[in-house]
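Okay, here's what each chain looks like letter by letter:
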Amino acid sequence: MLEEYGHWDPGHFVTHAKTVAESLPIRVRQFFRRIQTDETDVAVLSGLPLSNDLEPTPTGWDMAQKNGVGHREEIVLMLCSAVLGEPFAWGNQQSGRIMHDVCPAPGKERSETSGSSTAPLSLHTEDAFHHCRCDHVALYCLRNQDRIGTTVVRADRLDLPERLSGILSEKRFHHRPDQSHVGPHGHSSGAAEVDAILFGPPEARYLRIDFDDTCAADEDDHAATEAIAELYRYACTAQEKVVLEPGDAIFLDNYRVVHGRDPFQPRYDGTDRWLKRVNLIRDLRRVFMATETRSRIVV
Ligand SMILES: O=C(O)CCC(=O)C(=O)O
Ligand SMILES: [Fe+2]
């Protein structure tokens, strides 16, 4: 495909991705159809092709962009992902790239961004602050020699008392932009949306929370503040760990699970953990309506 398309440009290729993905084996396509229909919370596809001569892990997404690394793996992830949803991006995240690199970055060790390492990445709904957040997060593992875990909490595993579910289902919470969106070109924290944390069908609940950035909409609403703290305790009890192996891709339903990452010590010697990531939305029109253009980049 690299030969066919010449220069690899995910932003350009993405408009053809669904069509090209029709050539994937039927079992792979059925796997993704089933995930979508069943609203499978966590799904892993293993044994995906990886280059024998994979480049060293870049020291941050900006270095990955500069050096253009892991292109073959981006094609693999793009094709699989396109069966499940429509890839899209955020103008202020990784400079609007469709394909993200998740790897430790010097200076970001304790940040609340995917470039963190020594501090855990707290449990979150991806881009919880925005109504246009993705339906699925896809992560493709290129390297993980220290077996660092991705943490997940499935809504179905939260055994919440009715009183707590009641509070969490009310529109009493501010969903503020996380650090990866704040900055000179980011969404201001004033853009926070007020919404519930728990919603959707009672037999298969949806979640919207970033434990670093969701707070009571009214700072005097102590019951709402306490409800977040209580939910956090339930989430810690229900937390599971998935250790991705090179060649594994995980597809997280961003309405049905929250996720995060265990801390680790970065080496910055080319052997660090490295994932490719893409955000997927079921209906691209949600993005078009948010941007008021036919663009896949939410600004
Ligand atoms: O590194 C991981 O396993 C998860 C990172 C993460 O939350 C993300 O990239 O959205
Ligand atoms: Fe995430």
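Data block above holds the structure.
Residues numbered from 1 in each chain as written. Chains lettered and ligands numbered in written order. Predicted model: local features only at pLDDT ≥ 70, side-chain atom pairs only at ≥ 80, totals over all residues. Heavy atoms only, no water.

## Focus: the coordination of the iron ion (ligand 2)
Alright, step 1. The coordination sphere of the iron ion (ligand 2), as far as protein atoms go, consists of His124 (NE2), Glu126 (OE) and His259 (NE2), spread over 2.0 to 2.1 Å.
Alright, step 2. Counting gaps between the donor residues of the iron ion (ligand 2) yields the pattern H-x1-E-x132-H. Of the two residues, glutamate 126 is situated in the loop between β4 (121-124) and β5 (136-143) and histidine 259 in strand β14 (residues 257-261); the sequence distance between them amounts to 133 residues. With respect to class, glutamate 126 is no different from histidine 259; both count as buried. (Donors = N, O, S within 2.8 Å, 3.2 Å for Na, K, Ca; no water. Helix = DSSP H or I, 4+ residues; strand = E, 2+ residues; numbered from the N terminus. Buried < 20%, exposed > 50% of the residue type's maximum accessible area, 1.4 Å probe, protein only.)

## Some thoughts on the packing of helix α3 (residues 26-38) against helix α5 (residues 71-84)
Alright, step 1. Put simply, α3 and α5 touch, their axes get as near as 8 Å, and they point 45° apart. As summarised for this structure, α3 and α5 are arranged oblique, according to the angle between their axes. In the packing of α3 onto α5, the handedness of the crossing is right-handed. Judged by residue contacts, Arg29, Phe32, Arg33, Ile35 and Gln36 of α3 engage Cys80, Val83 and Leu84 from α5.
Alright, step 2. The class makeup of the residues in the contact of α3 with α5 is 5 nonpolar, 1 polar and 2 charged. (Axes fitted to C-alpha atoms, helices over the stretch in contact; angles between N-to-C directions. Parallel < 35°, antiparallel > 145°, perpendicular 65-115°, else oblique. Left-handed = near helix turned anticlockwise from the far one by under 90°. Contact = heavy atoms within 4.5 Å. Nonpolar A, V, L, I, M, F, W, Y, C, P; charged D, E, K, R; others polar.)

## Looking at the packing of aromatic side chains
Alright, step 1. Scanning the entire structure with this criterion turns up 9 aromatic pairs.
Alright, step 2. Taken together, a centroid distance of 5.3 Å and an interplanar angle of 50° make the contact between tryptophan 8 and phenylalanine 13 tilted. A single burial state applies to tryptophan 8 and to phenylalanine 13, both of which are buried.
Alright, step 3. Aromatic side chains phenylalanine 31 and phenylalanine 32 sit 5.1 Å apart centroid to centroid with 80° between the ring planes, which places their arrangement in the edge-to-face category. The same class applies to phenylalanine 31 and to phenylalanine 32, which are both buried.
Alright, step 4. The rings of Phe31, Phe32 and Phe251 are connected pair by pair, giving a single aromatic cluster. (Phe/Tyr/Trp six-rings, centres within 6.5 Å; stacked < 30°, edge-to-face > 60°.)

## Describing the site of ligand 1
Alright, step 1. In the neighbourhood of ligand 1, the contacting residues comprise Val102, Leu121, His124, Glu126, Leu139, Thr150, His259, Gly260, Arg261, Arg273, Leu275 and Arg277.
Alright, step 2. In isolation ligand 1 offers 300 Å² of accessible surface; the protein chains occlude 99% of this area.
Alright, step 3. Mapped by element, the contributors of at least two residues to the shell around ligand 1 are β4, β14 and β15 (274-281).
Alright, step 4. Taken together, the residues of the shell around ligand 1 sort by class into 4 nonpolar, 4 polar and 4 charged. (Near = heavy atom within 4 Å. Areas by Shrake-Rupley, 256 points an atom, 1.4 Å probe, with all protein chains shown as cover.)

## Overview of the pairing of β14
Regular strands show a simple pattern: their side chains alternate between the two faces of the sheet.
Alright, step 1. Of all 5 residues making up β14, 5 are buried, and the element is well covered by its neighbours.
Alright, step 2. Neither face of β14 is exposed, since Val257, His259 and Arg261 on one face and Val258 and Gly260 on the opposite face are all buried.
Alright, step 3. Sheet topology places β4 next to β14; 2 bridges connect them, and they run antiparallel. Counted as the bridge partner of leucine 121 is arginine 261 from β14. (Pairing = 2+ DSSP bridges.)

## Let's talk about helix α7 (residues 222-238)
Alright, step 1. The terminal C-alpha atoms of α7, which comprises 17 residues, lie 24 Å apart, in line with the 24 Å expected from a rise of 1.5 Å per residue.
Alright, step 2. Taken residue by residue, α7 has Ala224, Ala227, Ile228, Glu230, Leu231, Ala235 and Ala238 as its buried positions.
Alright, step 3. Lining the buried residues of α7 we find β4, β6 (149-154), α6 (162-168), β7 (173-175), β11 (214-216) and β12 (240-243). (Expected span 1.5 Å × (residues − 1).)

## Considerations on the state of the cysteines
Alright, step 1. By the definition in use, this model includes 0 disulfides.
Alright, step 2. With no disulfide of its own, cysteine 134 lies closest to cysteine 132 among cysteine sulfurs, the gap being 9.9 Å.
Alright, step 3. A relative accessible area of 0% means that cysteine 134 is categorised as buried.
Alright, step 4. Sulfur of cysteine 236: no disulfide; nearest cysteine sulfur belongs to cysteine 215 and is 19 Å away.
Alright, step 5. Here cysteine 236 falls in the partly exposed class, since its relative accessible area comes to 38%. (Disulfide = S-S within 2.5 Å.)

## Considerations on the nonpolar core
Side chains of a nonpolar character, in soluble globular proteins, are inclined to be buried together.
Alright, step 1. Phe32, Leu45, Leu48, Met78, Tyr140, Phe251 and Val278 are the most contacted members of the largest nonpolar core, which has 36 residues in total.
Alright, step 2. Within the residue set of this core, elements represented by two or more residues are α2 (10-21), α3, β1 (42-45), α5, β5, β13 (249-253) and β15.
Alright, step 3. Counting residues per element, this core draws most heavily on α5, which supplies 9 residues.
Alright, step 4. The contacts of valine 278, once residues within four sequence positions are left out, are Leu77, Ser81, Pro87, Ile98, Met99, His136, Val137 and Ala138. (Core = buried A, V, L, I, M, F, W, Y, C linked by side-chain atoms within 4.5 Å.)

## With respect to the sheet that holds β14
Alright, step 1. The 4 strands lie next to each other as β4-β14-β6-β12, forming an open sheet whose pairing is antiparallel. At either end of the open sheet lies a strand with only one pairing partner, and these are β4 and β12. Averaged over all adjacent pairs, the angle separating strand axes in this sheet is 20°, with direction ignored.

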